[in-house]
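Below, each chain spelled out in residue letters.
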Amino acid sequence: AIEDTGATFHSDIDNEPELYEGREADLIGALASLTKEYGLEHETFVERVSKFRVIMQEMMLPGLIRWLRVVRPRAVAYCPLMNEEAAYAAHFLGIPSVALLTTAG
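What you are looking at is a predicted structure, and each value in this text was computed from that prediction instead of being measured.

A. Main features of the environment of serine 11. Tracing the chain through its elements places serine 11 in the segment before α1 (12-15). Here serine 11 falls in the buried class, since its relative accessible area comes to 14%. Between the alpha carbons of serine 11 and glutamate 24 there is a distance of 14 Å; along the sequence they are 13 residues apart. A polar atom in the side chain of serine 11 sits 3.2 Å from the backbone nitrogen of isoleucine 13.

B. View of the environment of leucine 31. Locating leucine 31 in the fold gives a position in helix α3 (residues 27-37). Note: C-alpha distance between leucine 31 and tyrosine 88 (57 residues apart in sequence) is 21 Å. Beyond its immediate stretch of four places on either side in the chain, leucine 31 contacts Phe45, Arg48, Val49, Phe52 and Met56.

C. Just the packing of α3 against helix α4 (residues 45-71), in detail. At their nearest, the axes of α3 and α4 sit 10 Å apart, and the two run at 105 degrees to each other. In this view, α3 runs roughly perpendicular relative to α4, as classed from their interaxial angle. Where α3 approaches α4, its residues Leu27, Ile28, Ala30, Leu31, Leu34 and Thr35 are matched on the opposing element by Phe45, Arg48, Val49, Phe52, Met56, Met59 and Met60. Its residues assigned to classes, the contact of α3 with α4 shows 11 nonpolar, one polar and one charged.

D. Representation of the pattern of salt bridges. With the rule as written, the count across this model stands at four salt bridges. One salt bridge in this structure joins glutamate 43 and lysine 51, with 2.9 Å as the shortest N-O distance. Residue lysine 51 is classed as partly exposed on the basis of its relative accessible area of 43%. Between glutamate 84 and arginine 53 there is a salt bridge whose closest N-O contact spans 2.6 Å. Here glutamate 84, found in helix α5 (residues 84-93), pairs with arginine 53, found in helix α4; they are 31 residues apart in sequence, far enough to count as distant.

The rules behind the values
- Residues numbered from 1 in each chain as written.
- Predicted model: local features only at pLDDT ≥ 70, side-chain atom pairs only at ≥ 80, totals over all residues.
- Heavy atoms only, no water.
- Helix = DSSP H or I, 4+ residues; strand = E, 2+ residues; numbered from the N terminus.
- Buried < 20%, exposed > 50% of the residue type's maximum accessible area, 1.4 Å probe, protein only.
- Polar contact = N/O pair within 3.5 Å; in protein donor to acceptor, adjacent residues only side chain to side chain.
- Contact = heavy atoms within 4.5 Å.
- Axes fitted to C-alpha atoms, helices over the stretch in contact; angles between N-to-C directions.
- Parallel < 35°, antiparallel > 145°, perpendicular 65-115°, else oblique.
- Nonpolar A, V, L, I, M, F, W, Y, C, P; charged D, E, K, R; others polar.
- Salt bridge = Lys/Arg side-chain N within 4 Å of Asp/Glu carboxyl O.

Structure below.
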């Protein structure tokens, strides 16, 4: 469906091996895998998200920076609630960025 619009699909799982390699291949699955790796299964979901959010962003950044270097965007639009790491990567590479709230409510 994405390709039918003329756009190109890029997979986070393929581009961010530091987070996804050897773990469940989606964001919630990666969180579950990290929870087991750190022995924090007794924590609530909210506690886990709070504890792993920054760690997961740190694991995403190398792959995101590599990907941005390949696609060479002129600007980065990102959701500050869901993809805060995009702002950090864009800043690191000197790419202009703009936050766009994509979550209704």
